[in-house]
Amino acid sequence: MKNIGNTCWFSAVIQSLFQLPEFRRLVLSYSPPQRMLENCRSRTEKRNTAFMQELQCLFALMLGTHRKFVDPTASLELLKGAFKSADEQQQDVSEVTHKLLDWLEDAFQLSVNVNSPRDKSENPMVQLFYGTFLTEGVHEGKTFSKIETFGQYPLQVNGYRNLNECLEGAMVEGEIEPLPSDQSVKYGQERWFTKLPPVLTFELSRFEFNQSLGQPEKIHNKLEFPQIIYMDRYLYSNKEIIQGKREETRKLRKQIAILQQKLERYMKYGSGPSRFPLPDMLQYVLEFASTKLPLVVPSAQDSQMTRAQSSAECCGLNEPLQQNSVLETESTENTEGAASTLINPSAQQELMSKLPQPSCLPAEMPECPAPRVVTEEEMSLVRTCLQRWRSEIEQDIQDLKDCITRINQSIGQMYGDPVLRQVPYRLHAVLVHEGQANAGHYWAYIYDQPRKSWLKFNDISVTESSWEELERDSYGGLRNASAYCLMYINDKLSYFVADDDDDAETGQFQKEIELLPPELQNYIQEDNWRLEQEVEEWEQEQSCKIPQIEPSTTSESQDFTSESGQDPSSGCEHSIRSLSSEHARIAKDQTAQAIANTADAYEKNGVEAALYEAFHEEYSRLYLLAKETPTPHNDPRLQHVLIYFLQNNAPKQVVERTLLEQFADRNLSYDERSISIMQVARAKLKEIGPDDVNMEEYKKWHEDYSLFRKVSVYLLTGLELYQNRKYQEALTYLVYAYQSNTTLLMKGPNRGVDESLIALYRRKCLLKLNEMAAALFVSSAEADVLEGINTLNELIIPCMHLIINNDISKDDLDAIEVMRNRWCSYLGQEDMDANLQMKLGELLPRLLDCSAEVIILKEPPKIRPNSPYDLCSRFAAVMESIHGAAPVTVK
């Protein structure tokens, strides 16, 4: 669907609805009685009917058009009129969908035969999209119960990990605790679905208003959702079972909370900021005790003396104990007496009075508190205890983790009972928003039943996708892209189940076209006829245009044409001979050398023998070059057109005629031998008829080689400019090189140059320019701001659009995401001028929406090398320089 200017939101919604077979059938078969149309007096009824008719035409074209895309302008103009401001840049998709369904509901109500206009039970839109839920609860001590209708069910994203958690949060509100006076009455409320619609739509609230900033913000939190969701656990019919399971789940969660607290105490042992897992701490103590503590085996007397010395040193003494100290013993019999002296308080006071006073801290005092001496028995005991304690604690921790895991598994399997898997809903569409709250781009992923695969509907681009890509773009949390609307369909309804036949989709569409009212069938036929007329007119315009050919240095190609006996007015022949003459001129030095090597043959056997020898010698030389393995610094294809032809398996007739034209080139008029060989070669060319060589094929091969040289020159120029930090000029050359190279690579892997090299430096240029443009934009200087905007509009955005609209690589996608995030980060900055914020709002839709306009880049100035030797040497120099440190300038 064509984006007519910030209308991607409309495309995402309409495509999702169109791909519902039942909805499509209802819209296309809509035909209220004529009397109803005549009785439409109110402005609203007339508008709704008009919108319904425009939507019919749009759906009919989507079903049967031969165009690549359809134009929704007529439908959009009616829909836009209902909003507050007609010039709003983008509309909130939920508001659009509500409005659209309201209008369709009102339009269908005109065709429903009911007694009361308010009775919408028979309205097909209500039957397809609307359901009911029952709310029960207690408010201020009073119980209440009410039934409400819903279309798109809103769900909060903040605080939830997946869709089921969102639904649980929406269905149960408030603290559920018994009142002291009446144990059966509870606070809060519960919701239960009493009727589910065939199409169940969840609205994910990803936008919230920031009161401090005074503007809306987008919630980028990750939210997972399944491809199949079972709605049994939310149905009123299962109320008793589910209440019991919810109570059981609450008890299990309380157990998990208690276990988590215990685990937390183990994993964060100690106090203050330095808290460590207890096993790690025990391991540290064990290693310290084993490696840092001095281990000795003292005698009993030494042990007493050592302990006394340690006590003294710990008190700050720096002098050893004297020989006449009370601790000194004359014999082993006095040991017990000395010990009793230490225990006696008066003896201790006497001891301390006799000890020398401290003068300074001892030099040997350890940095950390630790025993001075540990015996082998003590160390063994400590080590044994620590190892046992560590093993026990590790086992306790593992037991806690296993218990938490088992409880979580029980909670996860709580609703796995087959009884609660009877109402499956399959994911039909995911509507995605990329950007921020006040700017962004919308697209849709829609499951295609006949193909059994996901399709990505991005305005005029419809591509096959995968669940992995959908997850990456829709879950959120990683990028600025996330789902804001999920559309599920009842998987048991027959009209939502497609045929398994591969041609089912095409056949189904054809059947639907045949069942259309005659006026819609005619509408499709007329549009397809107009398309054929447009194509014919375009082809006529193209046939009248003169081919744009790079001119030769002289008028030799014109002389050659007139002497060959062909009609010079033929554009095709002229272009063929211009290209072949150009390639002959490029290779003239190599051809001249081949002629020079035939001097003996020319003197002995004449001119034809010399031509024959030169022809075969040159062919052999080029054939061997074509078989050489290319290196990063050498590409043989740049040396000669025939090396390119041979490497790409060109037809033999094309190769032989091209080589013969090398010898027929007028630029070879050096001497008598060259002139004679040239004349014989030209005569032989005249003998080659149209049956011998397919001239159209011959032309295409020469056009491909001309384009290959152009790509090579553009690539080398872009790399040189990049190294000299001329990023704007470099980007233009690299973009054109990539686009033209893609055309060549579609014909064969050897037709073009290394695509990854062009893409790498194109990406680097874009990132550099984006940084420069962003820096200029936030500088606030008027001239700098204007320059930054111009760089963005004229180079960065067009290049980004070209990249995205082709097969984009992950590296390119990541780079584009980085660039977009840089600009989106400026949204809502308090220190940014209001005028800059307004300009930013104008820029972002173009930056984020890559299909809103046709992008045209100016082609860079043409650069033509003088000879293949110049091009080859330049290629070698540039390839060497990009792997080195310093840029190389090639003259």
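What you are looking at is a predicted structure, and each value in this text was computed from that prediction instead of being measured.

S.K.: Would you take a moment to explain the sheet that holds strand S2 (residues 142-150) for this structure?
M.R.: The four strands lie next to each other as S2-S1-S5-S4, forming an open sheet whose pairing is antiparallel. Single-partner strands in this sheet number two, and they are S2 and strand S4 (172-173). Across nine bridges, the pairing between strand S1 (residues 131-139) and S2 is antiparallel. Within S2, the residue paired with Val138 across the bridge is Thr143. With respect to the sheet, helix H9 (residues 239-267) is in contact with S1, S4 and strand S5 (188-195), its orientation differing from that of S5 by roughly 140 degrees.

S.K.: Whenever I open this one, the packing of aromatic side chains confuses me. Can you help?
M.R.: Two descriptors summarise a pair of aromatic rings, namely the distance from one centre to the other and the angle between the planes of the rings. Counted according to the given criterion, the structure contains 27 aromatic pairs. Considering the side-chain rings of Phe202 and Tyr488, the 6.0 Å spacing of their centres and the 70 degrees angle between planes classify their relative orientation as edge-to-face. Here Phe202 is found in strand S6 (residues 199-205), whereas its partner Tyr488 is found in strand S14 (residues 481-490), with 286 residues between them in sequence. The burial state of Phe202 is the same as that of Tyr488; both residues are buried. The ring of Tyr738 has Arg762 lying over it, and the distance from NZ or CZ to the ring centre is 3.9 Å. For the cation-ring pair, Lys764 lies above Tyr761, with the distance from its terminal atom to the ring centre recorded as 4.8 Å.

S.K.: What exactly am I supposed to notice about a negative patch on the surface here?
M.R.: A contiguous patch of negative charge, built from Asp600, Glu603, Glu613, Glu617, Asp671 and Glu672, is present on the exposed surface. Only helix H21 (599-605) and helix H22 (607-627) provide two or more residues apiece to the negative patch. Checked against the element boundaries, Asp671 lands in the loop between helix H24 (652-663) and helix H25 (672-687). On the basis of relative accessibility, which here comes to 32%, the residue Asp671 falls in the partly exposed class.

S.K.: Before we go on, may I ask you to explain H24 in this structure?
M.R.: One full turn of an α-helix is made of 3.6 residues, so residues set three or four places apart face in the same direction. Here H24 spans 17 Å end to end across 12 residues, near enough to the 16 Å set by a 1.5 Å rise per residue. Summarising burial for H24: nine of the 12 residues are buried, a large majority. Along H24, the residues that are buried comprise Val654, Val655, Arg657, Thr658, Leu659, Leu660, Glu661, Gln662 and Phe663.

Cut-offs applied
- Residues numbered from 1 in each chain as written.
- Predicted model: local features only at pLDDT ≥ 70, side-chain atom pairs only at ≥ 80, totals over all residues.
- Heavy atoms only, no water.
- Pairing = 2+ DSSP bridges.
- Helix = DSSP H or I, 4+ residues; strand = E, 2+ residues; numbered from the N terminus.
- Contact = heavy atoms within 4.5 Å.
- Axes fitted to C-alpha atoms, helices over the stretch in contact; angles between N-to-C directions.
- Phe/Tyr/Trp six-rings, centres within 6.5 Å; stacked < 30°, edge-to-face > 60°.
- Buried < 20%, exposed > 50% of the residue type's maximum accessible area, 1.4 Å probe, protein only.
- Lys NZ or Arg CZ within 6 Å of the ring centre and 35° of its normal.
- Patch = residues over 30% accessible without salt bridge, like charges linked within 9 Å, V, L, I, M, F, W, Y side chains within 5 Å.
- Areas by Shrake-Rupley, 256 points an atom, 1.4 Å probe, with all protein chains shown as cover.
- Salt bridge = Lys/Arg side-chain N within 4 Å of Asp/Glu carboxyl O.
- Lys, Arg positive; Asp, Glu negative; His and termini not counted.
- Charge placed at Lys NZ, Arg CZ, Asp CG, Glu CD.
- Expected span 1.5 Å × (residues − 1).

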